[in-house]
Amino acid sequence: QYSVILTFLSFQQRIEIHKLRQGDNLILGFSIGGGIDQDPTQNPFSEDKTDKGIYVTRVTEGGPAEVAGLQIGDKIMQVNGWDMTMVTHDQARKRLTKRNEEVVRLLVTRQSLQKAVQQSMMS
Amino acid sequence: KIESLKVTVDFLKVPLGLKKPPLKEALAAVPGPGRPKPLGVERHKPRRSNTMDNESQYSGYSYKSGHSRSSRKHRDRRDRHRSKSRDGSRGDKSVTIQAPGEPLLDNESTRGDERDDNWGETTTVVTGTSEHSISHDDITRITKDMEDSAHLDCSRHLGVSLAGALALLAFLTPLAFMLLPQLLWREELEPCGTPCEGLFISVAFKLLILLLGSWALFFRRPKAFFPRVFVFRALLMVLVFLLVVSYWLFYGVRILDSRDRNYQGVVQYAVSLVDALLFVHYLAVVLLELRQLQPQFTLKAVRSADGTSRFYNVGHLSIQRAAVWILENYYHDFPVYNPALLNLPKSVLSKKMSGFKVYSLGEENTTNNSTGQSRAVIAAAARRRDNSHNEYYYEEAEHERRVRKRRARLVVAVEEAFTHIKRLQEEDQKNPREIMDPREAAQAIFASMARAMQKYLRTTKQQPYHTMESILQHLEFCITHDMTPKVRGGHGQAGPRYLTAGPTIQYHKDRWLAKQWTLVSEEPVTNGLKDGVVFVLKRQDFSLVVSAKKIPFFKLSEEFVDPKSHKFVMRLQSETSV
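Scoring rules and cut-offs
Residues numbered from 1 in each chain as written. Chains lettered and ligands numbered in written order. Predicted model: local features only at pLDDT ≥ 70, side-chain atom pairs only at ≥ 80, totals over all residues. Heavy atoms only, no water. Helix = DSSP H or I, 4+ residues; strand = E, 2+ residues; numbered from the N terminus. Buried < 20%, exposed > 50% of the residue type's maximum accessible area, 1.4 Å probe, protein only. Contact = heavy atoms within 4.5 Å. Areas by Shrake-Rupley, 256 points an atom, 1.4 Å probe, with all protein chains shown as cover. Expected span 1.5 Å × (residues − 1). Bend = angle between axes of the 7 residues up to and from the residue. pLDDT = per-residue confidence, 0-100. Polar contact = N/O pair within 3.5 Å; in protein donor to acceptor, adjacent residues only side chain to side chain. Buried area = accessible area lost by both parts, 1.4 Å probe. Salt bridge = Lys/Arg side-chain N within 4 Å of Asp/Glu carboxyl O. Nonpolar A, V, L, I, M, F, W, Y, C, P; charged D, E, K, R; others polar. Pairing = 2+ DSSP bridges. Patch = residues over 30% accessible without salt bridge, like charges linked within 9 Å, V, L, I, M, F, W, Y side chains within 5 Å.

Novice: A description of the overall build of chain B should follow, citing residues and the corresponding values.
Specialist: Helices and strands together make up the secondary structure of chain B, namely 16 helices and seven strands. Buried residues in chain B amount to 43% of all 578 residues. Once local pairs closer than 6 in sequence are excluded, the contacts in chain B between residues at least 24 apart make up 80%.

The following block contains the structure:
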């Protein structure tokens, strides 16, 4: 059982994004999709089409997110400790764009990560 | 113009090659069998002309069933009657049903009966006092029947007259109960005023109701001759018999012997008998009529020759009654049996038929050779069959095309023909020579579409079914009732008569309605239907295989839907950039 937990944790990655100031706004440089009030079947990145989590749908080139290592298709599990797996789309947006925060620490999971770990486990 | 058209018709009769049966035959077939209304006095005229033609033959063997649910007592008595009429071998469970029509007596209603006649489906109509005339009818008809049915008719005859006698007895008993004291010891009777009169009236009306009820329920022309006794009916007869006998016993002992003075008591006794008889009638209604109404089984009837199948829902019936039910529905549901349509076209078959020649090379011993040869032939034949389906397909497609072309020509011809005819309006002043009755009008029109019709019928191999006479009759019918050409030759109700093979019953009765069906069953035919029962109704050239399946028990559950719960949202897929 311990090994199961450890393998689960290793599917995730922590990403730290430093927001960029553009005029009056702090931008992160990516777009999100998903949420519990959205239609999960139209999510192209999720493996499980009932997954209503928040996914990264676009990463602007050269933006803070790309620099920090965020990739398109990542599922955001936590933002600064706040859970993002059971939030509405608007709540997710708000948690990412808090004005008083300059740095956001995301916990993301990625299918390519999972596959890499599985392959290494099997070999 | 009419004369010329008539001449053309006559001329065309010859090369068409359609059969023209004598008119007499056609007319004789018109009053068909199967009129279900119970007739009164007019029953005395037998339809002799149709005896042989319609489904009115009664015959068959009757066999003892070891498992019949009928009461032992009645079966014993039947045995005595039947022993002289035993025919054929024992142990063979195949019995013959001959379908309906003539009011022949059945062999099921044995002794014991209700107040009036108790047989529903297989009874003759008994009018009042005319037992004798019915027997006369039947005797005359019996002489025309097949030889082996003569024995059976006699015993049926006997059974029915016994039943009728008991019915009469039951009916007259209450009257006798009331009259005997008056006749025998009138002087000693206590006077009985208003209550007695009330009772008299009630007896009169109850007897009347009983009479009407029995007439409605039992006086019916038999649909079919059942090979075996009908269990419920026998049961009811026995019940009535016991009832009447026990009433007479008590009456004899308590009232006649002791010369009871209380007349009111006697009348009340009689009234109670009438009530009991009414209740037995109620029981009869429930057992004979109501129980079979609620569908319990689904019967699948498949015709063995060409595979057409139909499904029917029936209630609790015995096998023989289910068989009759199926037959009744067969005649209007199944398209007519056309043996010409069954075979593969010859071009396809001939290729299959050609044999293989097998040459043996080298020195192998003969035994090996033969088995090897046969196996090789079979294998080659199996492989070869791959080609013939192709030919079959193309042949079918070609045939389909031909039929459609002919049909189109026929429809056009019919439409055109009908434009020549117009119903005479009152205000039109026409030369009397030009006015035609429907028959002449039909003949006039027929000439112009005869050719197209004939070609079409040839293509669809229906020509044996439609004689010229029948076509003319149908034309007459359409013209009389102002049916449009569409109906006549095309798509309406009467149209498909020609364009598709219609149900059997619309064709000429002489030829296509069966005289005899044989019921083959593994279980005794008086057993009720059960899940998985299979029986076969045979005719000479094909058979109907009927299998029964129980209608499943439905578990309906309820789900309440609050009308306010119908709410909807848009399916969103937003993307926000942060």
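Novice: So what's going on with the overall build of chain A? Which residues, and what values?
Specialist: A count of helical and extended segments in chain A gives four helices and eight strands. The linear arrangement of helices and strands in chain A, starting from the amino end, is α-β-β-β-β-β-α-β-β-α-β-α. Residue burial in chain A is summarised as follows: out of 123 residues, 40% are buried. For chain A, long-range pairs separated by at least 24 residues make up 65% of all intrachain contacts whose partners lie at least 6 apart in sequence. Put simply, chain A shows about 7,300 Å² of open surface, and 54% of that area lies on carbon and sulfur atoms.

Novice: How would you explain helix α12 (residues 438-459) of chain B if you had to name every residue and give the values?
Specialist: The end-to-end C-alpha separation of α12 of chain B is 29 Å, in line with the 32 Å expected for 22 residues at 1.5 Å each. Along α12 of chain B, the largest kink reaches about 60° and is centred on Met449 of chain B.

Novice: Describe the confidence of the model for chain B, listing the residues and the values that go with them.
Specialist: All names here are of chain B. Taken as a whole, chain B shows an average pLDDT of 69; of its residues, 56% reach a score of 70 or greater. With pLDDT under 50 throughout, residues 489-497 is counted as low confidence; its partners more than four residues away or in other chains account for 21 contacts. Interface scoring of the predicted complex returns ipTM 0.79; its pTM is 0.52.

Novice: Before we move on, can you summarise helix α8 (residues 263-290) of chain B with the specific residues and values?
Specialist: With 28 residues, α8 of chain B should reach 40 Å at 1.5 Å per residue; the first-to-last C-alpha distance of 39 Å fits that figure. The backbone nitrogen of Gln264 of chain B lies 3.2 Å from a side-chain oxygen of the residue at the head of α8 of chain B, namely Asn262 of chain B.

Novice: Can you break down the side chain of Asp74 of chain A residue by residue, with the values?
Specialist: All names here are of chain A. One can find Asp74 in the loop between α2 (64-68) and β6 (75-79). Here the side chain of Asp74 touches Arg110 through a polar contact of 2.6 Å, side chain to side chain. In contact with Asp74, not counting residues within four places along its chain, are Ile15, Ile54, Tyr55, Val56, Val108, Thr109 and Arg110.

Novice: Can you tell me about the interface of chain B and chain A, naming the residues and giving the values?
Specialist: Chain B puts eight residues into the contact, and the matching count from chain A is 20 residues. When residues of chain B are sorted by the area they lose upon contact with chain A, Gln573, Thr576 and Val578 of chain B head the list and together hold 55% of the total. One can count one salt bridge joining chain B with chain A. Glu575 of chain B serves as the salt-bridge partner of Arg58 of chain A, at 3.4 Å between the closest nitrogen and oxygen. At the junction of chain B and chain A, the tally comes to eight residue pairs in polar contact (both at pLDDT 80 or more). For the side of chain B that touches chain A, the residue count by class is two nonpolar, four polar and two charged. Relative to strand β7 (residues 575-577) of chain B, strand β4 (residues 30-34) of chain A is paired through three bridges, and the arrangement is antiparallel. Among the inter-strand pairings, Ile32 of chain A is bridged to a residue of β7 of chain B, identified as Thr576 of chain B.

Novice: Describe unusual backbone geometry, naming the residues involved and giving the relevant values.
Specialist: Residue and element names in this part refer to chain A. Of note, Asn80 is a non-glycine position whose phi angle comes to about 55°, a positive value. Within the secondary structure, Asn80 sits in the loop between β6 and β7 (82-83). We classify Asn80 as partly exposed; its relative accessible area is 27%.

Novice: So what's going on with the environment of Gly252 of chain B? Residues and values would help.
Specialist: As for its placement among the helices and strands, Gly252 of chain B is situated in helix α7 (residues 231-256). Along the backbone, Gly252 of chain B and Phe177 of chain B are 75 residues apart, and their C-alpha atoms lie at a distance of 9.7 Å.

Novice: If you had to explain the pattern of salt bridges to someone new, which residues and values would you point to?
Specialist: Scanning the model with the defined rule gives 13 salt bridges over all chains in all. When the shortest N-O distance is used, the salt bridge between Asp90 of chain A and Lys94 of chain A registers 3.7 Å. Note that Asp90 of chain A and Lys94 of chain A are positioned in helix α3 (residues 89-96) at a spacing of four residues, about one turn of the helix. On the basis of relative accessible area, Asp90 of chain A is assigned to the partly exposed category, the value being 36%. Across the pair Arg439 of chain B and Glu469 of chain B runs a salt bridge whose closest N-O atoms are separated by 3.4 Å. One end of the pair, Arg439 of chain B, is in helix α12; the other, Glu469 of chain B, is in helix α13 (residues 468-480), and 30 residues separate them in sequence. For Arg439 of chain B, a relative accessible area of 24% gives the class partly exposed. Residue Glu469 of chain B is classed as buried on the basis of its relative accessible area, which comes to 4%. A cluster of three or more residues bridged by salt bridges with shared partners is formed by Asp90, Arg93 and Lys94 of chain A.

Novice: A description of a nonpolar patch on the surface should follow, citing residues and the corresponding values.
Specialist: On the surface, a nonpolar cluster with roughly 550 Å² of combined accessible area is contributed by Leu168, Leu172, Leu175, Leu179, Leu183 and Leu184 of chain B. Mapped onto the elements, Leu175 of chain B comes out in helix α5 (residues 149-184).

Novice: So what's going on with the pairing of strand β5 (residues 54-59) of chain A? Residues and values would help.
Specialist: Each regular strand carries side chains that alternate between the two faces of the sheet. One ladder, built from five bridges, connects β4 of chain A with β5 of chain A; its direction is antiparallel. In the sheet register, Phe30 of chain A faces β5 of chain A, and the bridge partner there is Val59 of chain A.

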